[in-house]
Amino acid sequence: MRAAAQRPPATCFATRLAGAGLLALAATSFCVPAAVARPKASASASTVTVDYDIALAGLTIGTAQVAGAFEGSGYRVDVSARLTGLVGVVTGGMGSARAAGSVASAPQPSTFAIATKTSNSGIAVRMALARGNVTQAEITPPLVDLGDRVPITAANKRGVIDPASALVMPVQGRGDLMDPANCNRTLPIFDGATRFDVSLSYGETRSVEKAGYSGPVLVCNARYTPIAGHRPDRPGVKFMEDNREMSVWLAPVEGTRVLLPIRIAVRTTVGSNIIEATRWTRTGGPQGGTHAAAPTGSTTQASLAQ
């Protein structure tokens, strides 16, 4: 794979939505991953499935889903999206992504894969990682080197997480699940073609009412910083670098110390892109059964990024 290669459609969300695990889902609203199976896990595992509507400039343009399974220190997360309506008819956009690994102070992925398809193209990315370092990366079909991108170095592939794993946000230390400090982190993302940071900071705490979740959420502000693999002269890159209107709302996954996104909002050049949960379903875990709502108060939260 060439370091300064053309960014694949499978990862264009990284540019559109400030490129990060936490904005990764929002990304799929443009590069659209398609439906994937929910993670299979043992009865002791905590699993959560979050369904989202994707809207652009006030119009619903698609749906997405994040499904995660958490058992001990291990995790697996599937992300999927599909464009619907006229946009879906025109683009045929769909795709899916999957990552697995372990969770410590941050996700430590071992595998990542993403595949996207539009009416006239398709692309797949596969990566293997160890202790935060990329050991193998493959893009199919091979990318074309345009010669105008910031080269990706070996250092850019160390100490990173993939876009899907970036959606898994562990609680900081032994702190409270609703501690504002859980917003304050930087996500070092590598998607196989580009390396970028998504920096989060605490904005406020709100209460939300969704099907399957009723309780507090952390509202985190987000900033995008390109590192390598991007085209610095492109207007879109500069727009996202200067973008101050990006946020992710994190809600708790009951039975875990992990936060997942319940809402992502990103201003784009054509209007606000909003990915918002329509249903939150948690099953399994120590208590078993299906949980329709997460506890209120200072208990547990879940988050996501591009």
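Computed from a prediction, not measured in an experiment: that's the story for all the values here.

Focus: the overall build of the protein chain
(1) Moving on: Helix and strand counts for the protein chain come out as 4 helices and 15 strands.
(2) Moving on: Looking at the protein chain residue by residue over its 306 residues, the buried ones come to 54%.
(3) Moving on: Across the protein chain, every contact between residues at least 6 apart in sequence was considered, and the portion connecting residues at least 24 apart equals 65%.
(4) Moving on: When the accessible surface of the protein chain is split by element, carbon and sulfur atoms take 52% of a total near 12100 Å².

Re the pairing of strand β5 (residues 107–117)
The two faces of the sheet receive side chains in turn, since in a regular strand these alternate between them.
(1) Moving on: The pairing of strand β4 (residues 94–103) with β5 spans 10 bridges and is classified as antiparallel. Directly across from Ala 99, in β5, lies its bridge partner Phe 112.
(2) Moving on: Pairing of β5 with strand β6 (residues 122–130), which is carried by 7 bridges, proceeds in the antiparallel orientation. From the neighbouring strand, Ala 115 faces β6, where its bridge partner is Ala 124.

Describing the environment of Pro 216
(1) Moving on: Inspection of the secondary structure puts Pro 216 in strand β11 (residues 213–228).
(2) Moving on: Taking C-alpha positions, Pro 216 is 5.5 Å from Arg 206, a pair spaced 10 residues apart along the chain.

Considerations on the nonpolar core
(1) Moving on: Counting residues in hydrophobic clusters, the biggest one holds 67 residues, and the most contacted among them are Val 77, Leu 187, Leu 200, Ile 262 and Trp 280.
(2) Moving on: Per-element tally for this core: the top contributor is β11, with 8 residues.

Digging into the confidence of the model for the protein chain
(1) Moving on: Residue-level pLDDT values for the protein chain average 80, and 76% of them are 70 or greater.
(2) Moving on: At the level of individual helices and strands, the protein chain shows its lowest average pLDDT in helix α1 (residues 13–16), which scores 33, and its highest in strand β10 (residues 195–210), which scores 97.
(3) Moving on: Counting interchain partners and residues more than four positions distant, the pLDDT-below-50 stretch residues 1–39 has 201 contacts.
(4) Moving on: With pLDDT under 50 throughout, residues 287–306 is counted as low confidence; its partners more than four residues away or in other chains account for 112 contacts.

Examining unusual backbone geometry
Glycine aside, residues mostly have negative phi angles, and peptide bonds mostly take the trans form.
(1) Moving on: Here Thr 140 and Pro 141 are connected by a cis peptide whose omega angle stands at -5 degrees.
(2) Moving on: Inspection of the secondary structure assignment puts Pro 141 in the loop between β7 (133–140) and β8 (169–170).
(3) Moving on: Of note, the phi angle at Ala 57 is positive, near 55 degrees, even though the residue is not glycine.
(4) Moving on: Mapped onto the secondary structure, Ala 57 falls in the loop between β1 (46–56) and β2 (59–71).
(5) Moving on: We classify Ala 57 as partly exposed; its relative accessible area is 47%.
(6) Moving on: The phi dihedral of Arg 131 is positive, around 50 degrees, even though this residue is not glycine.
(7) Moving on: Of the residues examined, Arg 131 reaches a relative accessible area of 72% and is grouped as exposed.

Some thoughts on the state of the cysteines
(1) Moving on: All chains considered together, the criterion is met by 1 disulfide.
(2) Moving on: There is a disulfide in this structure between Cys 183 and Cys 220, and the S-S distance comes to 1.9 Å. Measuring the twist about the S-S bond at about -75 degrees, one finds the Cys 183-Cys 220 disulfide to be left-handed. Separated by 37 residues along the polypeptide, Cys 183 in the loop between β8 and β9 (185–190) and Cys 220 in strand β11 bring together distant segments of the chain.
(3) Moving on: Accessibility expressed as a relative area gives 0% for Cys 220, which makes it buried.

Examining the pairing of strand β3 (residues 74–83)
(1) Moving on: Here β3 lies mainly inside the structure; 7 of its 10 residues are buried.
(2) Moving on: Where β2 lies against β3, 10 bridges are found, and the strand directions are antiparallel. Its bridge partner lying in β3, Gly 68 is registered against Val 77.
(3) Moving on: In this sheet, β4 lies alongside β3 in antiparallel orientation, the contact comprising 9 bridges. Of the residues in β4, the one forming a bridge with Val 77 is Ala 99.

A look at the side chain of Arg 185
(1) Moving on: Note that Arg 185 resides in strand β9.
(2) Moving on: Here Arg 185 sits buried without a salt bridge, and the closest side chain of opposite charge, Asp 179, lies 9.6 Å off (N-O distance).
(3) Moving on: Contact partners of Arg 185, with chain neighbours within four places excluded, come to Met 169, Pro 170, Gln 172, Val 198, Ser 199 and Leu 200.

Looking at the packing of aromatic side chains
Between two aromatic rings, the relevant description is the distance of the centres plus the angle of the planes.
(1) Moving on: Scanning all chains against the criterion turns up 2 aromatic pairs.
(2) Moving on: Taking 5.8 Å as the distance between ring centres and 55 degrees as the angle between the ring planes, the aromatic pair formed by Phe 196 and Tyr 224 counts as tilted. Here Tyr 224 lies in strand β11 and Phe 196 lies in strand β10, a separation of 28 residues in the sequence. Each member of the pair, Phe 196 together with Tyr 224, is buried.

Reading the values: rules and limits
Residues numbered from 1 in each chain as written. Predicted model: local features only at pLDDT ≥ 70, side-chain atom pairs only at ≥ 80, totals over all residues. Heavy atoms only, no water. Helix = DSSP H or I, 4+ residues; strand = E, 2+ residues; numbered from the N terminus. Buried < 20%, exposed > 50% of the residue type's maximum accessible area, 1.4 Å probe, protein only. Contact = heavy atoms within 4.5 Å. Areas by Shrake-Rupley, 256 points an atom, 1.4 Å probe, with all protein chains shown as cover. Pairing = 2+ DSSP bridges. Core = buried A, V, L, I, M, F, W, Y, C linked by side-chain atoms within 4.5 Å. pLDDT = per-residue confidence, 0-100. Disulfide = S-S within 2.5 Å. Lys, Arg positive; Asp, Glu negative; His and termini not counted. Salt bridge = Lys/Arg side-chain N within 4 Å of Asp/Glu carboxyl O. Phe/Tyr/Trp six-rings, centres within 6.5 Å; stacked < 30°, edge-to-face > 60°.

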